[in-house]
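Chain residues, written in single-letter form:
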Amino acid sequence: MNSSNALVLEPQSRVQVDLSAFGQNVRTLKRLIPARTRFCAVVKANAYGHGGIHCAKTALENGASFLAVARISEAVAMRGAGITAPILLLGEALPEQVPFLATHGIRASVADIQAARILSGAAQALNTTLKIHIKIDTGMGRMGFLHPGVASQDQREATGILQAGGIADLKGLGVEGAYTHFAKADIIDKTHVKGQLARFNEMIAMLADMGIRPEIRHAANSAAVLELPEAHFDMVRPGIAMYGMSPSREVDITGHKLTPVMSITAKVIYVKAVPRDFSISYGGTHVTAAPTVIATVPIGYADGYSRLLSNRGQMLVKGKKAPIVGRVTMDFTMIDVGHIPGVKPGDDVTILGSQENERITADDIAGLTETINYEVTTGLTGRMPVSYL
């Protein structure tokens, strides 16, 4: 079809991402860290659902100098989009990925000596040097070299930090960084995170005794950037806070004026008046208590809008909250607008974001679905088009 004759239709539901707000959030967070400390923008999982390429570029334009992703495919996409900044791969790298990693400046995370040896062999076979960051487990319980004080004998032999000393003798690897990840930085009681911080400092000293002195030490996630300045080290790795959301309900971000970046909007596609005792949606889980008006909104669980919002969630129409009635279906959700005069097809619906004086946040949705705000945005399936402001 000739592009000049192509039919352009406005989407019935869409995601909007405010990149100016995102950039401002990056600048706000950057002001909290020392001038010498690098800013690594965590843009994994499609930038927490906000658009990995767009957010990566915006972060770099606003002071970030490093990026972090979880999957090699995300790094490939970044390089394909012309992004040249250093990228840290938080997940495990495979030997067959070494050519791409080394050629394109992707830093590999190394969490045990066996993996280091395998990557070393692959790098030597290519006559190249792969930059790595040593992953240290100080209390997250996921991946990384363990502190001798918390590791069993078997663990010390397999993944203990003393084993990391062998990396110094491996050709083809260049240790650029060492890092850990906090498990409880986002709670009020900082006892656990300060214990992790102490173990990290001890393990960095152990590495130095073994001749390994990483240029970049890093530990701080969003919560630690906001509340634990002693964890800022040589680089910080904020994620959720860049997108204007709090790491948890125990971290107050209001004083930092971080702005939510994402909104989800739709159009009412159908309106009908219904009588009392009228059942709505699959299973008839909602029955009207009085005559009312039901509006259908084109968003459902196939878009990542949780079915757990059935009979619980709300949307905004004409600046007023309208309750979800009946079960959220694959493609559509019904809301009761009987208390809102004049609702008609084509009217704007705000599913996430602000409308007039009312607001629905990712935290609101997370509270109703017994999850966290991270899952609300990263759970979007990509069916709705995304526009960038």
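See the structure shown above.
1. Looking at the side chain of H218
- With respect to the helices and strands, H218 occurs in strand β9 (residues 216-220).
- Overall, the relative accessible area of 0% leaves H218 in the buried class.
- Polar side-chain contacts of H218 include one of 2.9 Å to the side chain of H133.
- Here the side chain of H218 touches R237 through a polar contact of 3.0 Å, side chain to side chain.
- Among all residues touching H218, those that are not within four sequence positions of it are L88, H133, A178, Y179, T180, F200, M235 and R237.

2. Regarding the side chain of D347
- Mapped onto the secondary structure, D347 falls in the loop between β18 (333-336) and β19 (348-355).
- Sequence-distant contacts of D347, defined by excluding residues within four places in its chain, comprise A266, K267, V268, K318 and G342.

3. Observations regarding the packing of aromatic side chains
- With the rule as written, the count across this model stands at 4 aromatic pairs.
- Geometrically, the ring pair formed by Y48 and Y374 is tilted, given 6.0 Å between the ring centres and 35° between the ring planes. Here Y48, found in helix α2 (residues 44-48), pairs with Y374, found in helix α12 (residues 373-378); they are 326 residues apart in sequence, far enough to count as distant.
- Taken together, the ring pairs in this structure connect F22, Y48, Y243 and Y374 into an aromatic cluster.

4. A look at unusual backbone geometry
- The phi torsion at A45 lies on the positive side, around 55°, for a residue other than glycine.
- When you line up the elements, A45 lands in helix α2.
- Not every positive phi belongs to a glycine, and A47 is a case in point at roughly 55°.
- Here A47 is to be found in helix α2.

5. Describing the pattern of salt bridges
- Overall, the coordinates contain 12 salt bridges when judged by the stated rule.
- Taking the shortest distance from any N to any O, the salt bridge between R383 and D331 comes out at 2.8 Å. One end of the pair, R383, is in the loop between α12 and β21 (386-388); the other, D331, is in the loop between β17 (320-323) and β18, and 52 residues separate them in sequence.
- Judged by relative accessible area, which is 45%, R383 ranks as partly exposed.
- With a relative accessible area of 27%, D331 lands in the partly exposed category.

6. Considerations on the sheet that holds strand β12 (residues 270-274)
- The strand order across the open sheet formed by 3 strands is β12-β15-β18, and the pairing between neighbours is antiparallel. Where the open sheet ends on each side, the last strands, each with one partner, are β12 and β18. With strand direction ignored, the average angle separating the axes of adjacent strands in the sheet is 25°.
- In terms of strand pairing, β12 meets strand β15 (residues 292-297) through 5 bridges, oriented antiparallel.

The rules behind the values
Residues numbered from 1 in each chain as written. Predicted model: local features only at pLDDT ≥ 70, side-chain atom pairs only at ≥ 80, totals over all residues. Heavy atoms only, no water. Helix = DSSP H or I, 4+ residues; strand = E, 2+ residues; numbered from the N terminus. Buried < 20%, exposed > 50% of the residue type's maximum accessible area, 1.4 Å probe, protein only. Polar contact = N/O pair within 3.5 Å; in protein donor to acceptor, adjacent residues only side chain to side chain. Contact = heavy atoms within 4.5 Å. Phe/Tyr/Trp six-rings, centres within 6.5 Å; stacked < 30°, edge-to-face > 60°. Salt bridge = Lys/Arg side-chain N within 4 Å of Asp/Glu carboxyl O. Pairing = 2+ DSSP bridges. Axes fitted to C-alpha atoms, helices over the stretch in contact; angles between N-to-C directions.

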